[in-house]
Amino acid sequence: MNAEIFSQITRDRFGTFGGLCPTTVPSFPTSFPVKVIRDDFPFLRQSMNGKPLVWFDNAATTQKPRCVIDRIKTFYERENSNIHRGAHTFAERATDLYEDARAAVADFLNAPKGSVVVFIRGATEGLNLIAQSYVKPLLEGGDEILLTALEHHANIVPWQMIAKEKNAVIRAAPVDNGGDIILSEYEKLITDRTKFISITHVSNAIGTVAPIAEMIDIAHRHGVRVAVDGAQSVSHLPIDLSASDADFFVFSGHKLFAPTGIGALCAKSGLLDGAPPYQGGGNMISDVAFTETKYAPLPARFEAGTGNIAGAVALREAILYVRKIGLKRIEAYEKTLTERGIDALKSVKNLSLVGSPKRRAGILSFVIKDVPVGVIERRLNDEGIAVRAGHHCAQPILRRLGFEATVRPSLAFYNTDWEIDRMVRALNF
């Protein structure tokens, strides 16, 4: 779907179904309007332990703008119905909204023509779907799946599960001491036994931005398909699947200022055509008898049961909100904020930043000598600052860099330099 058609659908749906973002999100000025943006997020107005809240746990989940919250409320008050199977007005309306959300995802990702968007609970489910339905049927004993040392556990465990079942082998491309993928070693690991590659776009533990376009090009030259885990990139960077040529891309809505329990898998045209579903139930069939079931065409074949309809509608609203601000502007603002955070944290006695990738997106992982990460997390919590401490479901990369756990402040476009200053002051024990 091109941008002009999507824009017309947006105008039509707002007029018909009461969309909220165009009326609540202003036309932003040239400078980044972080104070205006913060007013859109009710959660940020709270206090924690008697102090104004600083939300630095965005890699775990982002907060939701008022227009997304209101969109969910509007759906349940005025539009709630099951989809695809009813002929009454509200069933048709809910179906239209759900499919508009699917079109919005494809447009947001600039997916190639004919791509299939499947709604899922989040990136984890998407990776499991790819592993079970697309990759597992390709595997024979001794075949290989290539990952990288940067991966979240969600992009390791599903591949281990099918590798064990099919007697396949998992390989991982190494990173250097700063946390950047060593591309020459990555390419050496691709052999005639490599059947699939799955890579993160942005590391949730240290913020490395992987050169996915180059990595995909290398893989395709060797005839290997690639999935990209975009859970940590969709809220920070412009995504262009037509340019990167990714075969599969997954993301979670709750990382993109949308609700939990909704996400999307985008697959190139034709890749899932013959893939068997790995879940069965209603909606994903065209005919059922006790002797045989015929499956529905894509994408319904992979959407068994009643999906998160309100979540999909709210995901579209979040996409509209982010697009109104502009991903390039968000990327530029967050780059400046991240650099500011790195410089500020260097002033803290005995603090060491974890990882030094050439390109970093919004993650400021650190440790302080002789201070357990849990103690630091509680100290910041007492000061009203929410961060995450632990292994962040990314143990291989932390262990590669010599750590079992870190403190992980993670940024979003509603964070500010004065919040960074508050954190630095709190860290001076």
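Everything quoted here is computed from the prediction, not taken from an experiment.

Visitor: Looking at this structure, how should I read helix 12 (residues 327-345)?
Guide: The α-helix advances 3.6 residues per turn, and as a result positions three or four apart in sequence lie on the same side. The end-to-end C-alpha distance of helix 12 is 26 Å, a good match for the 27 Å that 19 residues give at a rise of 1.5 Å each. Looking at helix 12, one finds that the buried residues are Leu 327, Ile 330, Tyr 333, Glu 334, Leu 337, Thr 338, Gly 341, Ile 342, Ala 344 and Leu 345. Along its buried surface, helix 12 packs onto helix 3 (34-38), helix 5 (89-108), helix 11 (309-325), strand 13 (351-353), strand 14 (366-368) and helix 15 (417-427).

Visitor: I keep staring at the packing of helix 4 (residues 66-79) against helix 5 and nothing clicks. Help me out?
Guide: When two helices pack together, their arrangement is given by the angle between the helix axes and by the axis-to-axis distance. Running from N to C, helix 4 and helix 5 point in directions that differ by 160 degrees, and their axes come no closer than 11 Å. In terms of axis orientation, helix 4 runs roughly antiparallel to helix 5. Counting all contacts with helix 4, which are made through Arg 71, Phe 75, Arg 78 and Glu 79, the residues of helix 5 involved are Phe 90, Arg 93, Ala 94 and Leu 97. Grouping the amino acids of the contact of helix 4 with helix 5 by side-chain chemistry returns 4 nonpolar, no polar and 4 charged.

Visitor: Looking at this model, I keep getting lost on the packing of aromatic side chains. Mind explaining?
Guide: Within a pair of aromatic rings, the relevant descriptors are the distance that separates the centres and the angle that separates the planes. Tallying each qualifying case throughout the model produces 16 aromatic pairs. Geometrically, the ring pair formed by Phe 41 and Phe 257 is edge-to-face, given 6.2 Å between the ring centres and 70 degrees between the ring planes. Here Phe 41 is found in the loop between helix 3 and strand 1 (47-48), whereas its partner Phe 257 is found in the loop between strand 9 (248-252) and strand 10 (263-267), with 216 residues between them in sequence. An aromatic cluster is built from Phe 41, Phe 257, Tyr 321, Phe 413 and Tyr 414, whose rings are joined through pairwise contacts.

Visitor: Any chance you could explain helix 5 here in plain terms?
Guide: In a regular helix each residue adds 1.5 Å, so 20 residues correspond to 28 Å; helix 5 covers 28 Å between its end C-alpha atoms and thus fits that length. Where burial is concerned, most of helix 5 is hidden: 14 out of the 20 residues are buried. With its phi angle positive at about 50 degrees, Asn 110 sits one or two positions after the end of helix 5.

Visitor: Hey, could you run me through the nonpolar core in this one?
Guide: Within soluble globular proteins, side chains that are nonpolar tend to cluster in buried spots. One finds Tyr 186, Phe 413 and Leu 427 to be the most contacted residues of the largest nonpolar core, which totals 105 residues. In terms of residue count, the dominant contributor to this core is helix 11 (11 residues). Among the nonpolar cores identified, the runner-up in size contains 30 residues, and Val 135, Ile 156, Trp 159 and Ala 267 belong to it.

Visitor: Which parts of the structure should I look at to understand the side chain of Asp 57?
Guide: Structurally, Asp 57 is set in the loop between strand 3 (54-55) and helix 4. We classify Asp 57 as buried; its relative accessible area is 5%. Asp 57 has contacts with Ala 386, Val 387, Arg 388, Arg 408 and Ser 410, leaving out every residue within four places of it along the chain.

Visitor: Hey, could you run me through the pattern of salt bridges in this one?
Guide: Counted under the stated rule, the structure contains 27 salt bridges. Between Arg 66 and Asp 70 there is a salt bridge, with its nearest N and O atoms 3.5 Å apart. Here Arg 66 and its partner Asp 70 are both found in helix 4, 4 residues apart, which amounts to about one turn of the helix. A residue is classified by how much of its surface remains accessible, and Asp 70, at 24% relative accessible area, is partly exposed. Here Asp 421 makes a salt bridge to Arg 340, at a shortest N to O gap of 2.8 Å. Of this pair, Asp 421 sits in helix 15 while Arg 340 sits in helix 12; the two residues are 81 residues apart in sequence, bridging distant segments of the chain. You can call Arg 340 partly exposed: its relative accessible area is 30%. When salt bridges with common partners are traced through the structure, they connect Arg 225, Asp 245, Asp 247 and Lys 268 into a single cluster.

Visitor: Please explain the confidence of the model for the chain as it appears in this structure.
Guide: Parts of the prediction with low pLDDT should not have their coordinates interpreted in detail. Mean pLDDT over the chain: 93, with 93% of residues reaching 70 or higher. For residues 1-20, every residue scores under 50 in pLDDT, and the model assigns this stretch 38 contacts once sequence neighbours within four places are set aside. For the stretch residues 22-29, pLDDT sits under 50, and the model shows 15 contacts to residues farther than four places along the chain or on other chains.

Visitor: Which parts of the structure should I look at to understand the side chain of Ser 410?
Guide: Residue position: Ser 410 is located in the loop between strand 17 (406-408) and helix 15. Here Ala 59 takes part through its backbone nitrogen, which lies 2.8 Å from a polar atom of the side chain of Ser 410. When residues no more than four places from it in sequence are discounted, the contact partners of Ser 410 are Trp 55, Phe 56, Asp 57, Asn 58, Ala 59, Gly 362, Ile 363 and Asn 415.

Visitor: Explanation requested: the pairing of strand 8 (residues 226-229) in the structure shown.
Guide: Side-chain direction in a regular strand flips from residue to residue, so the side chains alternate between the two faces of the sheet. Here strand 8 shows two buried faces, one formed by Val 226 and Val 228 and the other by Ala 227 and Asp 229. In terms of strand pairing, strand 7 (residues 194-200) meets strand 8 through 4 bridges, oriented parallel. Residue pairing in the sheet places Ser 198 in a bridge with Ala 227 of strand 8. For the crossover that starts at strand 7, traverses helix 9 (residues 212-221) and ends in the parallel strand 8, the hand is right-handed. Examined bridge by bridge, strand 8 and strand 9 share 3 bridges and lie parallel to one another. The residue bridging Ala 227 from the neighbouring strand is Phe 248, located in strand 9.

Visitor: Explanation requested: unusual backbone geometry in the structure shown.
Guide: In terms of backbone geometry, most residues other than glycine have negative phi values and most peptide bonds are trans. Each neighbour pair has its own omega, and for Leu 298 with Pro 299 the value is -5 degrees, a cis peptide bond. By the element assignment, Pro 299 lies in the loop between strand 12 (293-295) and helix 11. Look at His 392: it is not a glycine, yet its phi comes out positive at around 60 degrees. Locating His 392 in the fold gives a position in the loop between strand 16 (388-390) and helix 14 (395-400). Residues other than glycine seldom take positive phi values, yet Cys 393 does so here, at roughly 55 degrees. For Cys 393, the position within the fold is in the loop between strand 16 and helix 14. When its relative accessible area of 33% is taken as the criterion, Cys 393 is described as partly exposed.

What counts and how
- Residues numbered from 1 in each chain as written.
- Predicted model: local features only at pLDDT ≥ 70, side-chain atom pairs only at ≥ 80, totals over all residues.
- Heavy atoms only, no water.
- Helix = DSSP H or I, 4+ residues; strand = E, 2+ residues; numbered from the N terminus.
- Expected span 1.5 Å × (residues − 1).
- Buried < 20%, exposed > 50% of the residue type's maximum accessible area, 1.4 Å probe, protein only.
- Contact = heavy atoms within 4.5 Å.
- Axes fitted to C-alpha atoms, helices over the stretch in contact; angles between N-to-C directions.
- Parallel < 35°, antiparallel > 145°, perpendicular 65-115°, else oblique.
- Nonpolar A, V, L, I, M, F, W, Y, C, P; charged D, E, K, R; others polar.
- Phe/Tyr/Trp six-rings, centres within 6.5 Å; stacked < 30°, edge-to-face > 60°.
- Core = buried A, V, L, I, M, F, W, Y, C linked by side-chain atoms within 4.5 Å.
- Salt bridge = Lys/Arg side-chain N within 4 Å of Asp/Glu carboxyl O.
- pLDDT = per-residue confidence, 0-100.
- Polar contact = N/O pair within 3.5 Å; in protein donor to acceptor, adjacent residues only side chain to side chain.
- Pairing = 2+ DSSP bridges.
- Right-handed = clockwise from strand over helix to strand, strands pointing away.

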